[in-house]
Amino acid sequence: MSGDSESFLFPESLVLCELLVPAEVAFECLVALGNLDAPVHIGSDGSRSTPIVVSSISGPSKHCRDLLMTLGSVRSHLTAYGEFIRLHCGSDWRPDESEIDSLAATLKPKMLFDLEASICSLHKDLTELAKLEADMNSEYVRLVHLVNILDCLDNVFWATNSRDATPRSVPAMADKEAAGILLHGGSSTELDTSAESTDRTLPFIVGVVPTSKAHCLRLGVWRRFHLTALYTDIPVRDQRDLRDEPVEPHNVFLIVSLSESQSRTAERLCGMLGAQVFSVPISQEDRRNHLMETKERLSEMRQVFLEGEEHRKRLALNGWTKWRRWFAQLTAMQAVHRALDGFSRGYGKQFYVGEVWCSREAVDSVRQALAVGSSRASGLHATVRLVENSRRRPPTRMPRHELTAAVRDLTYQFGVPAHWEIDPTPFTAVTFPFLFAIMFADWGHGLLLMALALALFLPPGRFLHPDVARSLAPLRPGRHLLLMCAVFAVYCGAVLNDGFGLTGGWRRHSQFSMGNLTYGTFVNQSISQLQLAPKEDGHVMSWVTDSMWGSAANQVKFLNSARMKLSIIFGTLHLGLGLALQLVNDIRAGRTARVWLFSSAKMAFHCLLMGYPVALILRKWLAVLPRDAACAPALLPMLIAMYRLEYTETPCYLATYYSGQRYVEHAIVAGVAASALLAIFGLPIHHALTSRGSSSSKAKAEQKLTAAATDVPGDREEEEIGRGKSDSAMPLTPLSSSSNSGSRGKSLPKLEPEPLDCAHGEKQFDLLEHCLACFEFLLSSLSHSASYLRLWAIGLAHGELTAIMWPMLLMPPTRLADLLAASPTAALLLGGLTLAASFCLWACITVCILVGMEGMTALLHSLRLHWIEFQSKFYSGAGYMFRPFSLKAEVRQAMDSCADFAASGEEFH
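Residues numbered from 1 in each chain as written. Predicted model: local features only at pLDDT ≥ 70, side-chain atom pairs only at ≥ 80, totals over all residues. Heavy atoms only, no water.

For the rest of this paragraph, the subject is the pattern of salt bridges. Taken as a whole and judged by the stated rule, the model has 23 salt bridges. One salt bridge connects R644 with E646, and the closest N-O pair in it is separated by 3.4 Å. (Salt bridge = Lys/Arg side-chain N within 4 Å of Asp/Glu carboxyl O.)

Structural data, given as structure tokens:
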């Protein structure tokens, strides 16, 4: 297998390196590793009893997390100045590579404390300014309400004929019906104006209440005071705060009561409803002076706010320039400390012990990076030991291609391929759209789906409306897969000659024997019960479906039978491909016994069990002529008779129709039984025979493994980076949990004998697991093949639902026009309007149900066929992803999120 196909189908080969890093330069060594051009994966597979990567978080990691939370608070303050920041930084700002490289390479451990001081100082300044601005804005809104109250008192609530207009007795209102209400059923009933109350001033309360609660306050005053108080309010609109933003609408209210106790009760009622009560002068002259003073104070506050706004904008712009660097640096430092959390502490907490997966070519780069990182260590240097033939599971690293990215994401939702498994993505990228198209076979619907897929390729800001682009954004990652599905749907619809439920276009009438009836006679006479039969010298099947089948009475009988058999054929081929890939996996993993005694037996069982019916279907299509249609072989009774070993020559459709058929079928039945027995008993017998002679060799191998796990450093071929120090002076042995507990993670456990991994030999044989796997395969052989009948069933449902929409919605308007033929104008007007309405309804149903809902159904069933039927034959999905430790990638991702914020002003993470 070539190198390109190896990297395209199988994960990249990786090696394990054990690191021993001095604690005083551990941060610098990890920074050097993170700046390597060659990707490395830090950590283990997580399958051991005591994993290297632990859930506990060290102090520096928590410190970074807390500072990032503080930066999030700073970001919330900067969001208020997003427009100003975008104006000065530019909406198309993007970080350059030199800045990214500089930020990733200049990380120091003590930088964390400097960042903390700077971040806390900026956060304190912005918080204080935000609090002052909020207090000033609140006071400004309160004064605006006061201005509205004073203005309403003099100009609306009571007349100002006298110089001293005070609410004595009943207030002299300019228009009682318009300015307010007296709360007694809406009537103009007046307050008690007896002689005792004519010479005293009535207490009144004035304030503002939110418009949404004004009715509640009015109702509360009426229920509490009834006829002993007067209530009125006036809505005030278009109020603005210091930032010239609209304020919640309020109503200015006035409550005139008869006693001080009623005033206090009214004040408590206002407090419960969120109304603000203001103290205003009694005298009109004092109110005018107070109004002028309030307006002057508002003008001064606005001037002070505008002067302070410039200072706040400059501080926000300066803080944003620093913020994006701090955010990138903290993100990278948090990644370094999290990587160190996965290392073990040992040798008196003077060293970190960890593991790194990388390609064999990158081992020298790892050594050089550790040498650079540990250059300032006093007498201690980092060491690297290459672990040959490791029993640990390496991570899975596969190349990512844009064309197959969506298919890969769907496949990896099932599971990540193990390092010895073939990646099903290249095969799924072809079979997934094809199986979808069989269930969605309509060239009209395929063109609509293709238009949607092509729209996803357009730049969002240039050709699409922002709202449309935002709604289509979740579909953009899958645009390549959607386009392939649309292309296959158009092809399958063209082959079946089906578009929008109408059969037409491809006409090969010489395929049919119609006697004296011509196509023109058929169309003109509208013969609805036409029974079509293939021509005597032609075959039943053709590469395309003739359009005359759309009007034939035996259309369903013919096309359903053909599509059902095609579903069985495609299912058999798809499952056979999965079993063939299982053979490839076993051969590549070196499992020789499993190849010959299990995988080959399953392949033979499937080929004999399902391959023979497929061969009979193809022979029936290609060899049986229409003149022999009455005695065409019945496949299902023939297969039942084959396995029962019972043959008969009557009726003729059960008779043998090729020479040697009985001998061939006997051989097939024997092969099916033999392959099933080989799959069940082959591996157990092989294990029983080989386990007797390998008992002593297995014990010796375990002793060697135990010795290798506790060997002295001089015998472990470790390599020292530094000044040529001897291996005995710097031991690199596994650390016991009793003596190596540290603050950063758990200790590295001792290597114990484990079952060999699939990539390096045979796993320890489990008889129960093997029996369950055998019976699961034997039972699923027929059920998985029958599951592909969903291709026929869903395709039939989609086609029939499409076919009934056209005559149901678009044919009635034409019939209505025929009924109104006596009046051409009425027929044209009424028929045209009805046809337009029917077409709009048909278009909505087509797009929403037939394309949207039916397309989603076909996608889900195609995904199900791949996850359950296809991938279960060869794919375990037991791997874990290769996650490169790259500080440049961390910094780039952080800076890109900052750039997105500068471009749109939206929140980011």
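Turning next to unusual backbone geometry. With a phi close to 60°, D244 is a non-glycine residue in the positive phi region. Within the secondary structure, D244 is located in the loop between β4 (230-236) and β5 (250-256). Taking the relative accessible area as the measure of exposure, D244 reaches 51% and is therefore exposed. (Helix = DSSP H or I, 4+ residues; strand = E, 2+ residues; numbered from the N terminus. Buried < 20%, exposed > 50% of the residue type's maximum accessible area, 1.4 Å probe, protein only.)

Now for the side chain of T802. Here T802 is to be found in helix α24 (residues 790-809). At 2.7 Å, the side chain of T802 forms a polar contact with the backbone oxygen of H798. (Polar contact = N/O pair within 3.5 Å; in protein donor to acceptor, adjacent residues only side chain to side chain.)

Another point: the packing of aromatic side chains. Evaluation of the coordinates by the stated rule reveals 14 aromatic pairs. Aromatic pair W323 and F327: ring centres 5.0 Å apart, planes at 10°, arrangement stacked. On the criterion of helical spacing, the pair formed by W323 and F327 is a turn pair, its members being four residues apart in helix α10 (residues 284-341). Residue W323 shares its accessibility class with F327, and that shared class is buried. On the numbers, 6.2 Å between centres and 45° between planes, the contact of F874 with Y875 is tilted. Accessibility assignment for this pair places F874 and Y875 in one class, buried. One aromatic cluster is present, formed by F414, W867, F870, F874 and Y875 through successive ring pairs. (Phe/Tyr/Trp six-rings, centres within 6.5 Å; stacked < 30°, edge-to-face > 60°.)

Turning our attention to the nonpolar core. Counting 66 residues, the largest nonpolar core has L19, V366, F885 and L887 as its most contacted members. For this core, the leading source of residues is α10, giving 14 residues. Apart from residues no more than four positions distant in its own chain, L19 is found in contact with L33, F343, Y352, V353, G354, V356, V366, L370, T383 and V384. Of all hydrophobic cores here, the second largest spans 39 residues; its members include Y412, F432, I438 and I794. (Core = buried A, V, L, I, M, F, W, Y, C linked by side-chain atoms within 4.5 Å. Contact = heavy atoms within 4.5 Å.)

The subject of this paragraph is helix α14 (residues 443-455). For α14, built from 13 residues, the straight-helix expectation of 18 Å at 1.5 Å per residue is met to within 8% by its first-to-last C-alpha distance of 18 Å. Structurally, the start of α14 carries an N-cap: the backbone nitrogen of G444 is 2.9 Å from a side-chain oxygen of D442. (Expected span 1.5 Å × (residues − 1).)

Here we come to the confidence of the model for the protein. Looking at the protein as a whole, the pLDDT averages 77, with 74% of positions reaching at least 70. Within the protein, no element has a lower average pLDDT than helix α7 (residues 176-179), which sits at 35, and none a higher one than helix α13 (residues 425-439), at 95. Counted against residues more than four places away or in other chains, residues 508-529, with its pLDDT under 50, gives 41 contacts. Predicted confidence is poor over residues 535-541, with pLDDT under 50, and the contacts of this stretch with residues over four places away or in other chains come to 22 contacts. (pLDDT = per-residue confidence, 0-100.)

Turning our attention to the UniProt feature "transmembrane region" (unreviewed entry) in the protein. The feature "transmembrane region" (unreviewed entry), as annotated in UniProt, sits at residues 434-458, 479-496, 566-584, 596-618, 667-689, 788-809 and 829-853 in this numbering. Helix and strand shares over residues 667-689 are 100% and 0% respectively, and the end C-alpha atoms of the span are 30 Å apart. (UniProt positions renumbered as here; feature names shortened; annotations may be inferred.)

Looking now at the side chain of D341. Residue placement: D341 occurs in helix α10. With a relative accessible area of 7%, D341 lands in the buried category. A polar atom in the side chain of D341 sits 2.7 Å from the side chain of S61.

The next subject is the pairing of β4. Extensive coverage of β4 is indicated by the burial of six of its seven residues. When β4 meets β5, the two strands line up antiparallel, connected through seven bridges. Looking at the pairing, L230 lines up with V256 of β5. (Pairing = 2+ DSSP bridges.)

With 21 residues, helix α3 (residues 59-79) should reach 30 Å at 1.5 Å per residue; the first-to-last C-alpha distance of 30 Å fits that figure. Every buried residue of α3 is listed here: S61, H63, C64, L67, L68, L71, G72, V74, R75 and L78.

Another aspect to go through is a nonpolar patch on the surface. A surface patch of nonpolar side chains, about 430 Å² in accessible area, is lined by L677, F681, I685 and L689. In this structure, L677 sits in helix α21 (residues 661-693). (Patch = residues over 30% accessible without salt bridge, like charges linked within 9 Å, V, L, I, M, F, W, Y side chains within 5 Å. Areas by Shrake-Rupley, 256 points an atom, 1.4 Å probe, with all protein chains shown as cover.)

Before going further, it helps to examine the packing of α13 against helix α18 (residues 555-589). The contact between α13 and α18 brings their axes to 12 Å, and the two run at 165°. Accordingly, the angle class assigned to the pair α13 and α18 is roughly antiparallel. As α13 runs across α18, the sense of the crossing is left-handed. Here F427, T431, F434, L435 and I438 of α13 lie close against α18, whose contacting residues are R563, F570, H574, L577 and L581. Considering only residue class, the contact of α13 with α18 consists of seven nonpolar, two polar and one charged. (Axes fitted to C-alpha atoms, helices over the stretch in contact; angles between N-to-C directions. Parallel < 35°, antiparallel > 145°, perpendicular 65-115°, else oblique. Left-handed = near helix turned anticlockwise from the far one by under 90°. Nonpolar A, V, L, I, M, F, W, Y, C, P; charged D, E, K, R; others polar.)

Attention now moves to the packing of helix α12 (residues 405-414) against α13. The interhelical angle for the contact between α12 and α13, taken along N-to-C directions, is 110°, at an axis separation of 9 Å. It follows that α12 is roughly perpendicular to α13 by the angle criterion. On α13, the residues touching V407, R408, L410, T411 and Y412 of α12 are T425, T428, A429 and F432. Partitioning the contact of α12 with α13 into residue classes produces five nonpolar, three polar and one charged.

Moving on, we get to the environment of Q262. Inspection of the secondary structure puts Q262 in helix α9 (residues 260-272). By relative accessible area, Q262 is classed as buried at 15%. Separated by 58 residues in the primary sequence, Q262 and F204 have C-alpha atoms spaced 9.6 Å apart. Contacts of Q262, omitting those with residues within four sequence positions, involve F225, T228 and S257.

In this fold, D586 is placed in helix α18. For D586 and W420, which are 166 residues apart along the polypeptide, the C-alpha to C-alpha distance reads 8.8 Å. Setting aside anything within four residues of it in sequence, one finds D586 in contact with R591, R594, V595 and S599. Within polar-contact distance, the side chain of D586 engages the side chain of R591 at 2.5 Å.

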